[in-house]
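Observations on the model geometry
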Amino acid sequence: MIKTNLGKSEVQVPRLGMGVMTWGDAKGMSRYHPAKIAYGGAHGPEEEQRALEAAITAGVNFFDTASMYSNGASERRLGELTRNREDVIIATKFPPGFFARADGMPRALEASLERLGRTTIDLYQHHFPSPSVSIPELMALMAKAVKDGKIRAVGVSNYSAAQMRAAHAALAQHGIPLASNQVEYSLLHRQPEANGVLDTCRELGITLIAYQPLASGALTGKYTTQAPRPTGLRRFMPYFRKNALDSLTPVINLLKEIGGRYGKTPAQVAIRWLIENDLVLPIPGAKNAKQAADNAGALTFSLEAAEVEALSRATEAWRR
Ligand SMILES: NC(=O)c1ccc[n+]([C@@H]2O[C@H](COP(=O)([O-])OP(=O)(O)OC[C@H]3O[C@@H](n4cnc5c(N)ncnc54)[C@H](OP(=O)(O)O)[C@@H]3O)[C@@H](O)[C@H]2O)c1
């Protein structure tokens, strides 16, 4: 299994991870967390367990969650499933709510450690920039947490190129690298190529963790104007509008054509397109073992340069 370091940190991960945003037993108001309303949950606790096992068996032992997902239920579930497993790498995120300040981080970190049942978190990420959270102040607290052994690597998420530079510089004062920036990136969301984020990752040696690598399921090819639309609020996302699904047809056809050469699904080819860039680490979500195993199959083949190029050309319109 090919491993890579998260940026210039010491944390080693496979070239693919798995997002568990929809997992966990959300109770009370947590059932109305945006992710649950948009996607619905995973297919029950047994399927979550089977999905985790299927991923690990295929070499995908890197799991992404956040304190915010269903008010901690996703972290708690991941913690239950991975207790006493040394072979699992866990990424989670601060803050637990929208109204946070940097000085709330140490307490939030303790709460995440408790829900995950761990003494250290492999990658701790700032979920999204916010005017109420000072980047230098937060990065100083992150650096302290690394020195205290509570986290192994520091990441950010949804940061612009300029915000990444600010976080990178603040951490450098403490001799700690910025390991990753987690942003939306897929064949249908190619802005990181145009807005400077990918270039800055390359320049500073930062891993780009690609979330929604399947464009929320649109790139699997299972949602068409003829087939059933996704459940939940997701069906109102721009990806699933009728004209968007219509304009997606040539992309899905190309994914099928390329996949046909290797016995691979459109989802596997779409994920592989991301993996072919050494800087990029996709984290597709999976609701069951079949999806987890299917997505992990992206690790067992490669695309020719001409195929990568053909997919890039076919999705040029999604670069803006
Ligand atoms: N940092 C952030 O702000 C942020 C934001 C969003 C997500 N994330 C992270 O990124 C992860 C992935 O993003 P995402 O779940 O939103 O989008 P995604 O990975 O693009 O899509 C996942 C969805 O696609 C469907 N699917 C997955 N694999 C499939 C397969 N092989 N065949 C058919 N259908 C498949 C499933 O839904 P259905 O079966 O219902 O279609 C699944 O829930 C999350 O779990 C989370 O960790 C981070």
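Read on for a plain summary of the structure. (Residues numbered from 1 in each chain as written. Predicted model: local features only at pLDDT ≥ 70, side-chain atom pairs only at ≥ 80, totals over all residues.)

1. Examining unusual backbone geometry
Stated formally: A run of H or I in DSSP becomes a helix once it reaches four residues, and a run of E becomes a strand once it reaches two; helices and strands are each numbered from the N terminus. Burial in this document is a count-based property: other C-beta atoms within 10 Å of a residue's C-beta are tallied, and the residue is buried at 20 or more, exposed at 12 or fewer, or partly exposed in between, with C-beta positions derived from the backbone.
The amide bond that connects Phe94 to the next residue, Pro95, takes the cis arrangement and shows omega of 5°. Take Pro95: it is sitting in the loop between strand 5 (89-94) and helix 4 (105-116). Non-glycine residue Gln212 carries a positive phi angle of around 50°. Turning to its location among the elements, Gln212 is positioned in the loop between strand 9 (207-211) and helix 9 (242-262). Taking the number of C-beta atoms within 10 Å as the measure of exposure, Gln212 has 23 and is therefore buried.

2. Some details on the site of the ligand
Put simply, the test is: Nearness between a residue and a molecule or strand is assessed with a C-beta atom placed from the backbone; a distance within 6 Å qualifies. Note on residue categories: nonpolar means Ala, Val, Leu, Ile, Met, Phe, Trp, Tyr, Cys or Pro, charged means Asp, Glu, Lys or Arg, and polar means any other residue, Gly included.
Taken together, 29 residues lie near the ligand, and Gly19, Met21, Tyr211, Gly217 and Gly285 sit nearest. With 3 residues, the top contributor of residues to the shell around the ligand is helix 11 (residues 289-296). Looking at the shell around the ligand residue by residue, the classes come out as 12 nonpolar, 13 polar and 4 charged.

3. Some thoughts on the sheet that holds strand 8 (residues 178-184)
Pairing between sheet strands relies on hydrogen bonds along the backbone, with the strands arranged either parallel or antiparallel. Going by this rule: We treat two strands as partners when DSSP finds at least two bridges between them.
With parallel pairing, 8 strands are arranged side by side in an open sheet as 3-4-5-6-7-8-9-10. With one partner strand each, in any of the chains shown, strand 3 (18-19) and strand 10 (280-282) form the two edges of the open sheet. Bridge analysis of strand 8 against strand 9 gives 5 bridges, and the strand direction is parallel. When the sheet's bridge partners are listed, Glu184 is paired in strand 9 with Tyr211.

4. A closer look at the nonpolar core
In a soluble, globular protein the nonpolar side chains are often hidden away together inside. Spelled out, the test is: The term nonpolar core refers to a group of buried residues, namely Ala, Val, Leu, Ile, Met, Phe, Trp, Tyr and Cys, whose C-beta atoms join them within 7 Å. Residue pairs are scored as contacts if the distance between their C-beta atoms, which are placed from the backbone, is within 7 Å.
If you look at the biggest cluster of nonpolar residues, it comprises 90 residues, and the most contacted ones within it are Ala55, Tyr124, Val154, Ala167 and Ala270. Of the residues forming this core, the biggest block, 7 residues, is contributed by helix 10 (residues 266-275). Here Ala55 is in contact with Met18, Val60, Ala292 and Ala296, once residues within four sequence places are set aside.

5. Examining the environment of Val269
With respect to the helices, strands and loops of the structure, Val269 is situated in helix 10. Spatially, the C-alpha atom of Val269 lies 9.9 Å from that of Glu257, the residues being 12 residues apart in sequence. When near neighbours in sequence (up to four residues on either side) are disregarded, Val269 contacts Leu255, Ile258, Gly259 and Lys264.

6. Regarding the packing of helix 5 (residues 135-147) against helix 6 (residues 161-172)
The criterion, for reference: In this analysis, axes come from line fits to C-alpha atoms, helices being fitted only over the stretch in contact, and the angle between any two N-to-C directions falls in the range 0 to 180 degrees. What sets the label is the angle itself: under 35 degrees gives roughly parallel, over 145 gives roughly antiparallel, 65 to 115 gives roughly perpendicular, and the rest give oblique. Two helices cross in a left-handed way if the nearer one is turned anticlockwise from the farther one by less than a right angle. They cross in a right-handed way if the turn is clockwise.
Where helix 5 meets helix 6, the closest approach of the two axes is 9 Å, and the angle between their N-to-C directions is 45°. Classed by the angle they form, the pair helix 5 and helix 6 counts as oblique. You can see that helix 5 and helix 6 cross each other, and the crossing is right-handed. Facing helix 5, whose interface residues are Ile135, Pro136, Met139, Ala140, Met142 and Ala143, helix 6 presents Gln163, Ala166, Ala167, Ala170 and Leu171. Taken together, the residues of the contact of helix 5 with helix 6 sort by class into 10 nonpolar, 1 polar and no charged.

7. Re the pairing of strand 8
The cut-off we apply is this: With the strands aimed away from the viewer, a crossover counts as right-handed if its path from the first strand over the helix to the second runs clockwise.
The element strand 8 is largely enclosed, with a buried count of 6 among its 7 residues. Taken together, strand 7 (residues 151-157), helix 6 and strand 8 constitute a β-α-β crossover, and its handedness is right-handed.

8. Let's talk about the packing of helix 9 against helix 12 (residues 305-314)
At a minimum axis separation of 10 Å, helix 9 and helix 12 run at an interaxial angle of 170°. Of the possible angle classes, the one that applies to helix 9 and helix 12 is roughly antiparallel. In this structure, helix 9 contributes Pro250, Val251, Leu254 and Ile258 to the contact, and helix 12 contributes Glu307, Ala310, Leu311 and Ala314. Residue composition of the contact of helix 9 with helix 12, by class: 7 nonpolar, no polar and 1 charged.

9. Focus: the environment of Tyr159
Checked against the element boundaries, Tyr159 lands in the loop between strand 7 and helix 6. The exposure class of Tyr159 is buried, given the 26 C-beta atoms found within 10 Å. The spacing of Tyr159 and Asp246 is 87 residues in sequence and 31 Å in space, taken between C-alpha atoms. Dropping the residues within four chain positions of it, Tyr159 is found in contact with Pro129, Met164, Ala167 and Asn181.

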